[in-house]
Amino acid sequence: MAGTLKKLAMCALMAWSGGAMAQDAAPAPAAEPVKAPSADAVRDTWNYFYKAQGQGPVLVEAKLCTEVGKEGPNKFECTVEVPAEGVKANTSVMVWQSYLVPQGDSVEDLMVQTKQGNVVRETKDVKVKGEGWRARQWTGVRLSKPGDWSVSILRGDQVLKTFNVKVL
């Protein structure tokens, strides 16, 4: 199952990243050719989008960002990621997420949670809908105090992705 979900996620990312949803901006011209997915990968993605209602979202990509594009070819994309050396205390960051959600589904059990060490500082609900090939969401969080932080994307009690961040 995990292997199939990874295939679906990669296919969705490669095949449909230009934007099939009305909210997506037109993709920038490719600097180099993009590898075409296999016919099986495309078929698996179609089957998941059109027939997997109730099976939940596939987290295709997630980034921790300080900026998300507001217009142009990078609209709704993470344009500046949190640097490896960390961020200053009281910095607001966005947990940028891209999902493949079965058509017509509405997923309301996703969360973004911040922890400083082992202490939970904040948990925010995230909702996504299967209205197109890619459902993007960015959730703002504030990293208020110096130390080692983690920012996690959760579905129920399942951790989908965790970022570790140094706050200076």
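Residues numbered from 1 in each chain as written. Predicted model: local features only at pLDDT ≥ 70, side-chain atom pairs only at ≥ 80, totals over all residues. Heavy atoms only, no water.

Before going further, it helps to examine the state of the cysteines. Inspection of every chain in the model, using the stated rule, returns one disulfide. Disulfide pairing places C65 opposite C78 at an S-S distance of 1.9 Å. Its S-S torsion of approximately -125° makes the covalent link between C65 and C78 left-handed. Here C78 lies in strand β2 (residues 78–81) and C65 lies in strand β1 (residues 58–68), a separation of 13 residues in the sequence. Given a relative accessible area of 0%, C65 falls into the buried group. The buried category is assigned to C78, whose relative accessible area is 13%. (Disulfide = S-S within 2.5 Å. Helix = DSSP H or I, 4+ residues; strand = E, 2+ residues; numbered from the N terminus. Buried < 20%, exposed > 50% of the residue type's maximum accessible area, 1.4 Å probe, protein only.)

Right, let's get into the pairing of strand β7 (residues 147–155). Across seven bridges, strand β4 (residues 106–116) lies against β7 in antiparallel orientation. Bridging across to β7, Q113 finds its partner in S152. When β7 meets strand β8 (residues 158–167), the two strands line up antiparallel, connected through nine bridges. Counterpart to G147 in the pairing with β8 is V167. In this structure, the hairpin formed by β7 and β8 is closed by a connection of two residues, where G156 is found at a positive phi of approximately 60°. (Pairing = 2+ DSSP bridges.)

So, on to the packing of aromatic side chains. Applying the stated criterion to the full structure yields four aromatic pairs. Seen from their ring centres, Y50 and W133 are 6.0 Å apart, and the 85° between their planes marks the pair as edge-to-face. With a gap of 83 residues between them, Y50 in helix α2 (residues 39–51) and W133 in the loop between β5 (119–129) and β6 (135–143) connect regions that are remote in the sequence. Here a set of aromatic residues connected by ring pairs shows up, and it is made of F49, Y50 and W133. Its end group placed over the ring of W96, K63 keeps NZ or CZ at 5.6 Å from the ring centre. (Phe/Tyr/Trp six-rings, centres within 6.5 Å; stacked < 30°, edge-to-face > 60°. Lys NZ or Arg CZ within 6 Å of the ring centre and 35° of its normal.)

So, on to the sheet that holds strand β3 (residues 91–100). Remark on secondary structure: sheet strands pair via backbone hydrogen bonds, oriented parallel or antiparallel. With antiparallel pairing, the four strands of this open sheet are ordered in space as β2-β1-β3-β6. The open sheet has two edge strands, β2 and β6, and neither has a second partner. If you compare each strand with its neighbour and ignore which way they point, the axes differ by 40° on average. (Axes fitted to C-alpha atoms, helices over the stretch in contact; angles between N-to-C directions.)

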